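Below, each chain spelled out in residue letters.
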Amino acid sequence: MQINILPFQPELIRIVLFLPQAVGEATPVALPKLTSRETSVLRLAASGQRRDRIAYELNISLPTVDMHCRNLRQKLSALTTSEAVAIAAKMNLLDV
């Protein structure tokens, strides 16, 4: 079992539990539909690039990077971009 404790708001935290599934109990999960640009932003974020470097690499503006990150967080049900990267890695959306 893995427990992540994440800041949510002042004086509030979010606790995320990752429970192991028993063998043979694999439930199919629908993979989110990511655009090619969202996938590019996700890969660069997973490699540790900052927002400004992602914008430079993809030749897009910072607000556009923020929009793609916001869409990724929404599609992957994450609060932060780092959490979205972790969820994407668990879903095998990244070649990690």
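Reference entry: report on the structure contained in this document.

**Digging into the overall build of the protein**
Stage number 1. When helices and strands are counted, the protein shows 4 helices and 2 strands.
Stage number 2. Shown N-terminal to C-terminal, the secondary structure of the protein runs as helices and strands in the order β-β-α-α-α-α.
Stage number 3. When each of the 96 residues of the protein is scored for burial, the buried share is 26%.
Stage number 4. Sequence-distant contacts, at least 24 apart, represent 42% of the contacts inside the protein between residues at least 6 apart.
Stage number 5. Summing over all exposed atoms, the protein offers an accessible surface of approximately 7000 Å²; the carbon and sulfur share of this is 55%.

**Concerning the pattern of salt bridges**
Stage number 1. Tallied over the entire structure, the rule returns 4 salt bridges.
Stage number 2. With its nearest N and O atoms 2.8 Å apart, the salt bridge here joins K75 to E38. Here E38 lies in helix 1 (residues 36–46) and K75 lies in helix 3 (residues 62–75), a separation of 37 residues in the sequence.
Stage number 3. Relative accessible area serves as the criterion here: at 3%, E38 is assigned to the buried category.

**Notes on helix 1**
Stage number 1. Where helix 1 is concerned, the buried positions are E38, T39, V41, L42, L44 and A45.
Stage number 2. Buried residues belonging to helix 1 abut helix 2 (51–58), helix 3 and helix 4 (81–90).
Stage number 3. One or two steps after helix 1, the chain reaches G48, where phi turns positive at roughly 95°.

**Side note on the nonpolar core**
Stage number 1. In terms of nonpolar packing, the biggest core is built from 19 residues, with V41, L42, I54, L58, V65, L76 and A88 touching the most fellow members.
Stage number 2. Sorting the residues of this core by element identifies helix 1, helix 2, helix 3 and helix 4 as the ones contributing at least two each.
Stage number 3. Look past the residues within four positions of A88 in its chain and what remains in contact with it is L42, L76, L93 and L94.

Rules of the game
- Residues numbered from 1 in each chain as written.
- Predicted model: local features only at pLDDT ≥ 70, side-chain atom pairs only at ≥ 80, totals over all residues.
- Heavy atoms only, no water.
- Helix = DSSP H or I, 4+ residues; strand = E, 2+ residues; numbered from the N terminus.
- Buried < 20%, exposed > 50% of the residue type's maximum accessible area, 1.4 Å probe, protein only.
- Contact = heavy atoms within 4.5 Å.
- Areas by Shrake-Rupley, 256 points an atom, 1.4 Å probe, with all protein chains shown as cover.
- Salt bridge = Lys/Arg side-chain N within 4 Å of Asp/Glu carboxyl O.
- Core = buried A, V, L, I, M, F, W, Y, C linked by side-chain atoms within 4.5 Å.

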